[in-house]
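Summary of the model geometry
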Amino acid sequence: MKLHRQLLTAAVAAALFAPAAHAEVAIDVIGGSEITFEGLVQADGNWFSNDRADLNGTTGMNGKDSEFELRRAELVLKGKGPGNVEWVVGYDAKADKFLDTNLKYKLGGNANHFLQAGQFKQPNSLEELSSTKNNDFISKATVTNTYAVARRLGVGYGIGDANWSLTASAFGRELTRNLAHGSGYGVRGTFAPINEKGNILHFGLSGITYDTHNDEARVRARPGMDMSTTPRLIDSGTLRDADDITTYGLEGGWVAGPFKINAEYFESTIARHAHSDYTTDGWYASGLWNLTGETWGYRNGVFTTNKAGHGGYLGMWQLGLRAEELNLKDGGVNGGKETNYTLGLN
């Protein structure tokens, strides 16, 4: 696709100057809609210490111990108006797939009470629903990447205020063909008994269920680095009599000035026709410290990253620590168990 190659070339050029770049530009008001453009480019450099598996090899043991690659090149058009309508069209030139592409109508002009149609992230997982530019670590937690249902085509409804939210959706496949499949529905509720500047306490609960594709399902995980594409240190293998997948999530978060703690627990069950159901679970807990003193915001049941305000020309600096575990052992399926620890500086 010629357009894809041109966009990717431009993104690569931008990535040469910064490992992560984000821009938002106001374009014009057309037909009563205030249109803005957002671009996000991220590039990775990974160094591996290979032991029992070649973590970055594509075919066999290639002997390499490093990897450099463009992670994403997101191009997004957003519109506000006319009236209570908002819309977005997003595309990732690196992955060659559509991102959020949907239309939202704010009921009564209330941003917390809406109807939505198109492709959007489904109501599950605090970390998955957070914007890419607000990620605390280079890679999302292993359990989030494994269990969370991201963008799908569907319809959604949301209601709430500053302290609580309830969202529900019915969805089908991903907009870009040959990616995620399976019709289903989901619901997520959040409650913030404390929601003040620099002092936020968040709780959330979600449930989501969807059909498998061709009665097959597989649960597996990369070793904590998205650039490691070939080996899966834990893997259930393909379950060929899988009916549907149901995942429940429990989440919590706390902000105290420059400190933030996040934690999530997932339990997922694959219903099977000829065997016992396969149930796995996992969790993560992370802590962030803004060394330059900034705090976080909170909107629609998700934490938001504030702009740098104390670091001067040095910007905002964060120190992060995360522990996580994913257990794929259940019954006769020994998919393995993985524990990761991540220390990060942003």
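This structure is a prediction, so every number in the text was calculated from the model and none was measured. (Residues numbered from 1 in each chain as written. Predicted model: local features only at pLDDT ≥ 70, side-chain atom pairs only at ≥ 80, totals over all residues. Heavy atoms only, no water.)

This part covers the overall build of the protein. The secondary structure content of the protein amounts to 3 helices and 19 strands. The buried share of the protein, reckoned over its 346 residues, is 45%. Here the analysis covers contacts within the protein between residues at least 6 apart in sequence; of these, 57% occur between residues at least 24 apart. Put simply, the protein shows about 17,700 Å² of open surface, and 57% of that area lies on carbon and sulfur atoms. (Helix = DSSP H or I, 4+ residues; strand = E, 2+ residues; numbered from the N terminus. Buried < 20%, exposed > 50% of the residue type's maximum accessible area, 1.4 Å probe, protein only. Contact = heavy atoms within 4.5 Å. Areas by Shrake-Rupley, 256 points an atom, 1.4 Å probe, with all protein chains shown as cover.)

To continue, consider the pattern of salt bridges. Within the structure shown, the criterion is met by 15 salt bridges. When the shortest N-O distance is used, the salt bridge between Glu324 and Arg322 registers 3.6 Å. Assigned by exposure class, Glu324 and Arg322 land together as buried. (Salt bridge = Lys/Arg side-chain N within 4 Å of Asp/Glu carboxyl O.)

Let's shift gears to the side chain of Thr280. Inspection of the secondary structure puts Thr280 in strand S15 (residues 278–290). In this structure Thr280 comes out as buried when scored by relative accessible area, which is 3%. There is a polar contact of 2.7 Å between the side chain of Thr280 and the side chain of Tyr147. Not counting residues within four places of it along the chain, the set of residues in contact with Thr280 comprises Tyr147, Phe266, Glu267, Ser268, Asn327 and Leu328. (Polar contact = N/O pair within 3.5 Å; in protein donor to acceptor, adjacent residues only side chain to side chain.)

Let us look at the environment of Gly224. Among the secondary structure elements, Gly224 is positioned in the loop between strand S11 (220–221) and strand S12 (234–235). Given the relative accessible area of 31%, Gly224 is considered partly exposed. In the structure, Gly224 is positioned 114 residues away from Glu338 in sequence and 9.5 Å away in space, judged by C-alpha atoms. Discounting chain neighbours no more than four positions away, the residues touching Gly224 are Ser139, Thr142, Glu338 and Asn340.

So, about the packing of aromatic side chains. Throughout the structure, instances matching the rule amount to 6 aromatic pairs. When the ring of Trp47 is compared with that of Phe68, the centres are 5.3 Å apart and the planes differ by 85 degrees; the resulting orientation is edge-to-face. Taken together, the residues Trp47 in strand S2 (residues 33–47) and Phe68 in strand S3 (residues 66–80) connect sequence positions 21 residues apart. Taking relative accessible area as the criterion, Phe68 reaches 53% and is therefore assigned exposed. Ring plane angle 20 degrees and centroid distance 5.7 Å describe the contact between Phe259 and Trp289, whose orientation is recorded as stacked. Here Phe259 is found in strand S14 (residues 259–272), whereas its partner Trp289 is found in strand S15, with 30 residues between them in sequence. Assessed through its relative accessible area of 43%, Phe259 is described here as partly exposed. One cation-aromatic arrangement involves Arg152 over Tyr210; the distance from NZ or CZ to the ring centre is 5.4 Å. (Phe/Tyr/Trp six-rings, centres within 6.5 Å; stacked < 30°, edge-to-face > 60°. Lys NZ or Arg CZ within 6 Å of the ring centre and 35° of its normal.)

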